[in-house]
Structures are given as C-alpha cells and as structure tokens.
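Chain by chain, the residues:
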Amino acid sequence: MKSNGRIQLYPMLRVVAFLVVGIVAGDKSYGLLSAEIWFGCFTASVVAAVLVRKWCVAQTAMLFAALVFLGGCLTTHRLSCINITLPEGKTEYSAVVSSRPEMTEKTVRCDMIVVGGGRPFKVKASFYRDANAEQLKVGEGVRVMSVLEKPANYAGSTFDYARYLTYHGYSATTFVYSDRWHGAVVDLSSLSLVKRAELAALRYRDVLLARMQSFGAVGEGYSVLAAMTLGERVSMSDELNEDYSVSGAMHVLSLSGLHLGIIYAMLLLLFFKRSRMVTAQVLIICAIWVYVFIAGLPVSAVRSAVMLTVYSLISLLNRDKMSLNTLSVAAVALLVANPLNFYDVGFQMSFMSVMFIIILYRPLYLLLPQRARDVSAVRWVWQMTAVSVAAQVGVAPLVAYYFGRFSCYFLLANFVVVPASTVILYGAAALLLSSWLPVVQKALCLLLVRVAEWMNAAVSFIASLPGASIDGINMNLLQLTLVYVIIFSLYVLSFYVRKMLRISKVMGL
C-alpha cells in the first residue's frame, strides 16, 4: 500500500509533534486547567474517535486532539506533584542522598529525596562543609532539621533558576547547618521500584569509581574517563568543561548512542550467530539498561537505550528499521514517563542531533563522488565529516539559543575526540571483563587515563586557537524557530532539486 506523502511513513513522528503541543499547552495553562479537566477532554476525544470511525479525516483529527489533551494531562499532573505545599519554618524530616555530592569551598551540594511523610519529593540541598558532610554518599539516609523553601531565582540574575529546578523535578531547596543533621537509617518503601533500583545502581557506580582511583587514576584524565564511561561529571573542573564547550566536543562527555552502540556491538559478538535469538537479545538489552541505571539515567543514554530496545525487537521480527520512527518511539516513551523532559536542554540536543543525522547524513555522504568513496581512508574521513556536520546543523541553533555560542572548529575537534573516545570505550569494556586480573586492570586503567589526558590536551589546544568560538549570540525563541524553518525549507528544496536533476539525467536533457 502506497502512502500519500512522506510524512505518512513516520506515524510516530506525528504522535510526538501533537504530544509536545499538549505538553506546552499544559505548562502554559497550569493553574488554570486541572489534570482532571485535561483527562476528561482526552477521554471525550478517544470516545469521539471511536464513534466517527467511518469518517477517516474526522477520526484522525480526534486522535490528534486526544494526544494534545494527553500531553496537557500528563504535564499538569507532573507539575502538581512537584509544586507541593511545604511546611513553614524549620522542620525535621528523613531523606536519602540521591546524587553524588559535589564539593565547593564552603558547602557540599547534593540532591535528596524526602521520605517518610507522604509522597516523596526531591530537594536541592547544600550542607555546610565539614568532615561529616564530606563523607556523604549516594543512598545514605539522613535525619535533617532545616527550612524547606520553594525554588527561587538569584538576585540580579537573568537566568530563571526557579523554573530550571521545577522542570528538573525539585520541589524545594534547603541549607543544612553542621549541627542540624546526622546519618540515619530511613525507610525507602515509599520510593518506586525504579528509584530504588537507581539508587542501588548509583551506589555500585561509586564502587567502580573508587576501584579506578585505587589503580592510580587521578587528575583530569580520570575525570574525563569517569564522565565518558560512568556518566560522573562532578569531578571535572570548570576550565576543562569550558574547553570542551568552546571546541564543540562536549557531546563526547555525554553517554549517548556512540557509547551504547559500542557496548551493544561488543555484546553481539559474544553471541556470534545467535544474535537474533530472543534469549540473546533479551540478555543484551537487559545489560544495556543495567549500564544506563549505573550511569544515573541521563536522558541521552535513556534515549539511546530505548532506540536499541526497539531496534532489537524489530530485528527479531525481521522488519525494516525506520530510524525516524524508532527515534520518535524513544521520544514518546521519555515524554510519557516525564513530560517535563521536553524542557531539558540535553533532551532537546540529543534528539535534534540524532534526527538531523538521520535526515542529512546520507545526502551529505553522497556528495562525495563514488570513485573517492571507494578509497577506505577517504570514505572514513568523509563519513565522520558527514555525521559531524549533520549533528552540528541540528544542535547549533540550540547551542546559540541557550548558551550564545557557536564552535567554529567542531569538525577538527571531532576528528580528535571520536577516535579517542572509541579507544576509551572499548578499553573500558576490556577493563570490566578483566576484573579477575587486577594487574591487567590496573595497566588498562592507567593507559586509558593517558589517552584521556592526551584528548584533553588536544581539546584545550583547539579551544585556545584564535576564533575557536563565536560568543555573545543573542537569539530569542522566535528566531530559533525561524532558523529551523529555514533549515528544513532548504532541505526540502534540495530534495526536489536532486529529484529534478535525476529526472533530467534520465531523460538526457
């Protein structure tokens, strides 16, 4: 059956679009429309879609409306769970540390989940730094006496910090003095099974990080190694973060498709010809998800894990792999689980980069003549160039919008960090598999740290080059939208131009 238009080939892409419309509408109307009203409209739309099933256009309109109402319902419900009524004044409560503590000059910052008093909620906490606070660990229970305050903006700052915290699930902030807390055994039964599994995985991550350090892994090399393999970026210095940002290589520090794809490929090798067996695929996907939990469930890694899960299912069914549909399924899964993920910068950049790679990679790759593509070295260089350019086209407008920056040497940086990161990731897998050989593990760990240090030096050099980045870009939401409209318009125009050239060539014109 032939589809009536290319958009018909990607039904899940339309699901994402209307779900996002509902999420934005639910956010903008929060406080005016309750989740119950949104749910009532969703139910009515579904019922109407069933009643008008004989009229395809009307049924389609009702289903799209249902997606909008579903997005509004999920968003309103999520915001209601976050914007809770906090107790006035100092209050005593039990909590569990839910993120790796970060040391500053005077404080120890971490996330906490308050438990034991109704529905658990997330708090951004700052402990006065002393010997006890420095010993805080993920999963540790504490008994605290402090003032819980609604997220608020810093005086004189243009950044909407309160909005940022709300969209990331924080219901309160607090400062804890040295004599107002102590370690305690807390009951975690009120937490979901997923959250308890996440805390257990993060505790195991700390064990792995401590093992790396016991092998002598220190300094910025260790920081990058920990970020790339286990998603732990707390130990990275601000200067190194800035170098990766200026050079356009920040993406290599985020667990994403590159990382999980390598792990998936290595696990497939263990099963050889049995890779299509259901048991093998289930074990591989379970291993992927365990790794994502250990890394702390970053959005980019979860997106990649969902895509790999869908790909695995499709391979078992011997169906065509529709990449845009797979990406859209991952988006739907993340947005239904937490609609506020849409406002996460990492979510937006992750999906835009992958989407533009899917759309633009092949046209860019085919620009190179076939004779040149037959040369292995040239083909490899051009493939990396095409992927880098496609991804940059997707995320550059977002980087300019959020950070006011455009990295001019992103291609040069990718030629450095992609090969180095591939070596690091394969080496990290070998590091894990050689756990029964401590001497080999130590040698591998120190070698990977050296590779990371070399990569850091190269990135810092690129960031120091004249004109490495254009800063101070001021772009509003309308301009951002227009930039993407222009990009998509040029893509559509180029598609029809290529089609006309092919027709002309066939007709001999």
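Use the structure listed above.
Everything numeric in this text was worked out from a predicted model, so none of it was measured.

Asks: Lay out unusual backbone geometry in plain terms, naming residues and giving numbers.
Replies: Positive phi, close to 55°, is recorded for Leu297, a residue that is not glycine. Owing to a relative accessible area of 24%, Leu297 belongs among the partly exposed residues under this scheme.

Asks: Could you give me a rundown of the packing of aromatic side chains, with the residues and numbers involved?
Replies: Inspection of every chain in the model, using the stated rule, returns 18 aromatic pairs. Note on Phe356 and Tyr484: the rings are 6.1 Å apart at their centroids and 45° apart in plane angle, and the pair reads as tilted. Note that Phe356 is positioned in helix α12 (residues 345-365) and Tyr484 in helix α17 (residues 477-507), a separation of 128 residues in sequence. Judged by its relative accessible area of 11%, Tyr484 falls in the buried class. Judged by centre distance (6.4 Å) and plane angle (50°), the ring pair of Tyr402 and Phe403 falls under tilted.

Asks: Got a sec to walk through helix α11 (residues 323-337)? Specific residues and values, please.
Replies: End to end, α11 covers 21 Å across 15 residues, agreeing with the expected 21 Å (1.5 Å per residue, within 8%). Among the residues making up α11, those that are buried are Leu324, Asn325, Thr326, Leu327, Ser328, Ala330, Ala331, Val332, Leu334 and Leu335.

Asks: Tell me about the side chain of Asn241, and name the residues and values.
Replies: By the element assignment, Asn241 lies in helix α7 (residues 238-247). Leave out the neighbours within four places in its chain, and Asn241 touches Arg233, Met236, Met250 and Leu253.

Asks: Please set out the pattern of salt bridges residue by residue, giving values where relevant.
Replies: One pass over the full model with this rule turns up 10 salt bridges. In this structure, the salt-bridge partner of Arg100 is Asp206, at a minimum N-O distance of 2.6 Å. Of the two residues, Arg100 is situated in the loop between β1 (90-97) and β2 (102-103) and Asp206 in helix α5 (residues 193-214); the sequence distance between them amounts to 106 residues. Notably, a salt bridge pairs Lys124 with Asp111, separated by 3.1 Å at the nearest N-O pair. With Lys124 in strand β4 (residues 121-128) and Asp111 in strand β3 (residues 107-115), this residue pair connects regions lying 13 residues apart in the sequence. Judged by its relative accessible area of 10%, Asp111 is buried. Connected through shared salt-bridge partners, Arg100, Asp206 and Glu232 make up one network.

Asks: How would you explain a negative patch on the surface if you had to name every residue and give the values?
Replies: A surface patch of negative charge is lined by Glu102, Glu220, Asp238 and Glu239. Looking at where Glu220 falls in the secondary structure, it is placed in helix α6 (residues 219-230).

Asks: Provide a residue-level description of the environment of Gln370, including the pertinent values.
Replies: Mapped onto the elements of the fold, Gln370 is located in helix α13 (residues 370-373). Residue classification places Gln370 among the partly exposed residues on the basis of a relative accessible area of 45%.

Asks: How would you summarise the pairing of β3 if you had to cite specific residues and measurements?
Replies: Most of β3 sits inside the fold, with 8 of its 9 residues counted as buried. Pairing geometry for β1 and β3, over 4 bridges, is antiparallel. Bridge assignment links Ala95 to a residue of β3, and that residue is Val114. Examined bridge by bridge, β2 and β3 share 2 bridges and lie antiparallel to one another. Paired with Met103 across the two strands is Val108, which belongs to β3. In textbook terms, the turn of a hairpin is the stretch between consecutive antiparallel strands, and for β2 and β3 this stretch comprises 3 residues. Relative to β4, β3 is paired through 8 bridges, and the arrangement is antiparallel. Bridge pairing in β4 links Val108 to Phe127.

Asks: Tell me about the packing of α11 against α12, and please be specific about residues and values.
Replies: Between two packed helices, what matters for the description is the angle formed by their axes and the separation of those axes. Close contact between α11 and α12 brings their axes to 10 Å; oriented N to C, the two are set at 170°. Regarding the angle of α11 to α12, the classification is roughly antiparallel. For the pair α11 and α12, the contacting residues are Ser323, Leu324, Leu327, Ala330, Ala331, Leu334 and Leu335 in the first and Phe347, Phe351, Val354, Met355 and Ile358 in the second. Counted by class, the contact of α11 with α12 contains 11 nonpolar, 1 polar and no charged residues.

Rules used throughout
- Residues numbered from 1 in each chain as written.
- Predicted model: local features only at pLDDT ≥ 70, side-chain atom pairs only at ≥ 80, totals over all residues.
- Heavy atoms only, no water.
- Buried < 20%, exposed > 50% of the residue type's maximum accessible area, 1.4 Å probe, protein only.
- Phe/Tyr/Trp six-rings, centres within 6.5 Å; stacked < 30°, edge-to-face > 60°.
- Helix = DSSP H or I, 4+ residues; strand = E, 2+ residues; numbered from the N terminus.
- Expected span 1.5 Å × (residues − 1).
- Contact = heavy atoms within 4.5 Å.
- Salt bridge = Lys/Arg side-chain N within 4 Å of Asp/Glu carboxyl O.
- Patch = residues over 30% accessible without salt bridge, like charges linked within 9 Å, V, L, I, M, F, W, Y side chains within 5 Å.
- Areas by Shrake-Rupley, 256 points an atom, 1.4 Å probe, with all protein chains shown as cover.
- Lys, Arg positive; Asp, Glu negative; His and termini not counted.
- Charge placed at Lys NZ, Arg CZ, Asp CG, Glu CD.
- Pairing = 2+ DSSP bridges.
- Axes fitted to C-alpha atoms, helices over the stretch in contact; angles between N-to-C directions.
- Parallel < 35°, antiparallel > 145°, perpendicular 65-115°, else oblique.
- Nonpolar A, V, L, I, M, F, W, Y, C, P; charged D, E, K, R; others polar.

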